[in-house]
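Survey of secondary and tertiary structure
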Amino acid sequence: MRPDDTARIVACIPSLRRYARGLTGDREQADDLVQDTLERAWSRYSRWQRRGELRAWMFGIMHNHFIDGLRARRRQPEYDAQPNVPDIPVRAAQADGLELRDLDRSLQRLPADLRAVLLLVAVEEFSYREAAQVLDVPVGTVMSRLSRARERLAALLERPEDSQPAGRLHCVK
C-alpha cells in the first residue's frame, strides 16, 4: 500500500466515527466498529482495486460488519429487542442539548435499515447511488427507506416523550 493510500483511508476516519456512533448509539461500540472496519479495510485493500469510491467501500465494510453483529446478537437467547439508548447528561438551560438528546434517542428507535440510510444521506452527504452501493440495495430502495425514515423520525420528534425507554423518568432541574 502506498503512503497516499494510507492517507486516504485515514481521512475517512472522522466520517466513519460519525456513522458508527449513529448506528450504535454508544461511543465504545462505535470505536470498536471503526477499529474493526479499519482493520478489514487494510487487510482487504488489494481487493478494492480502485473500483468505485474508497469512502463508499469502507462504509460498506462498516455497514456489513454492523449488520452481521446485529444478526449474531439476535441468535443469542438473551437478545433484547429494545435498543441500548445511552443516557446523555444535559443541563436544563441548554435547549439545544435537550433537542440533540431527543434526536439521538429518536434515531436509535428507528430500525437499523432506516437509520443507516438516513445517516448516510443526511449526515454523511452520500448520493443515493453511493448509499445504495454501501447498503448493497437498489437506488429505489434507498429512496423508499429514506422517505420512511424521515417520516418516522419526524413522528418521534413530535412526541419526544415516546422516545424515552419505558420505565424511566427523566427529571430536569
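As annotated in an unreviewed UniProt entry, the chain is RNA polymerase subunit sigma-24 from Bordetella genomosp. 13. Recorded in UniProt under Sequence similarities (unreviewed entry), the annotation for the chain is "Belongs to the sigma-70 factor family. ECF subfamily."

Per the secondary structure count, the chain includes nine helices and zero strands. Going from N to C terminus, the chain has its helices and strands arranged as α-α-α-α-α-α-α-α-α. Among the 173 residues that make up the chain, the fraction classed as buried is 39%. Residue pairs at least 24 apart in sequence account for 65% of intrachain contacts in the chain once pairs closer than 6 positions are excluded.

Compared with the 16 Å implied by 1.5 Å per residue over 12 residues, the 15 Å span of helix α7 (residues 112-123) between its first and last C-alpha is a close match. For α7, the set of buried residues is Ala 112, Leu 114, Arg 115, Ala 116, Val 117, Leu 118, Leu 119, Leu 120 and Val 121. Note on α7: the residue one or two positions beyond its end, Glu 125, has a positive phi of about 60°.

Position of Arg 115 among the secondary structure elements: in helix α7. Of the side chains with opposite charge, Asp 113 comes closest to the buried, unpaired Arg 115, at an N-O distance of 8.1 Å. At a separation of 3.2 Å, a polar atom in the side chain of Arg 115 contacts the main-chain carbonyl oxygen of Gly 22. At 3.4 Å, the side chain of Arg 115 forms a polar contact with the backbone oxygen of Gln 108. Residue contacts for Arg 115: discarding those within four places in its chain leaves Gly 22, Leu 23, Phe 66, Leu 107, Gln 108 and Leu 110.

Right, let's get into the packing of aromatic side chains. If you walk through the whole model with that rule in mind, you get three aromatic pairs. Look at Tyr 19 and Phe 59: their rings are 5.1 Å apart centre to centre, the planes differ by 35°, and that puts the pair in the tilted class. Here the residue Tyr 19 occupies a position in helix α2 (residues 13-24), and Phe 59 occupies one in helix α5 (residues 54-75), the gap between them amounting to 40 residues. Among the residues examined, Phe 59 registers a relative accessible area of 0% and is labelled buried. With a centroid separation of 6.5 Å and 75° between ring planes, the pair formed by Tyr 45 and Trp 57 is classed as edge-to-face. You can see Tyr 45 sitting in helix α4 (residues 45-48) and its partner Trp 57 sitting in helix α5, a full 12 residues away along the chain. Counting every residue linked through ring pairs, the aromatic cluster contains Tyr 19, Phe 59 and Phe 126.

Our focus in this paragraph is the nonpolar core. Ranked by size, the top nonpolar core spans 44 residues in total, and within it Leu 16, Tyr 19, Trp 57, Met 58, Leu 120, Leu 135 and Val 142 carry the most contacts. Put simply, the parts of the chain that give this core at least two residues each are α2, α3 (27-43), α4, α5, α7, α8 (128-135) and α9 (139-158). At 10 residues, α5 tops the list of elements feeding residues into this core. For Met 58, the residues in contact, after removing those within four places along its chain, are Ile 9, Cys 12, Leu 16, Thr 37, Leu 38 and Ala 41.

What follows concerns unusual backbone geometry. If you check the backbone angles, Glu 125 has positive phi at about 60° while not being a glycine. The residue Glu 125 is located in the loop between α7 and α8 in this model. For Asp 136, which is not a glycine, the phi torsion comes out positive at approximately 60°. Relative accessible area serves as the criterion here: at 67%, Asp 136 is assigned to the exposed category.

Rules behind the numbers
Residues numbered from 1 in each chain as written. Predicted model: local features only at pLDDT ≥ 70, side-chain atom pairs only at ≥ 80, totals over all residues. Heavy atoms only, no water. UniProt positions renumbered as here; feature names shortened; annotations may be inferred. Helix = DSSP H or I, 4+ residues; strand = E, 2+ residues; numbered from the N terminus. Buried < 20%, exposed > 50% of the residue type's maximum accessible area, 1.4 Å probe, protein only. Contact = heavy atoms within 4.5 Å. Expected span 1.5 Å × (residues − 1). Lys, Arg positive; Asp, Glu negative; His and termini not counted. Salt bridge = Lys/Arg side-chain N within 4 Å of Asp/Glu carboxyl O. Polar contact = N/O pair within 3.5 Å; in protein donor to acceptor, adjacent residues only side chain to side chain. Phe/Tyr/Trp six-rings, centres within 6.5 Å; stacked < 30°, edge-to-face > 60°. Core = buried A, V, L, I, M, F, W, Y, C linked by side-chain atoms within 4.5 Å.

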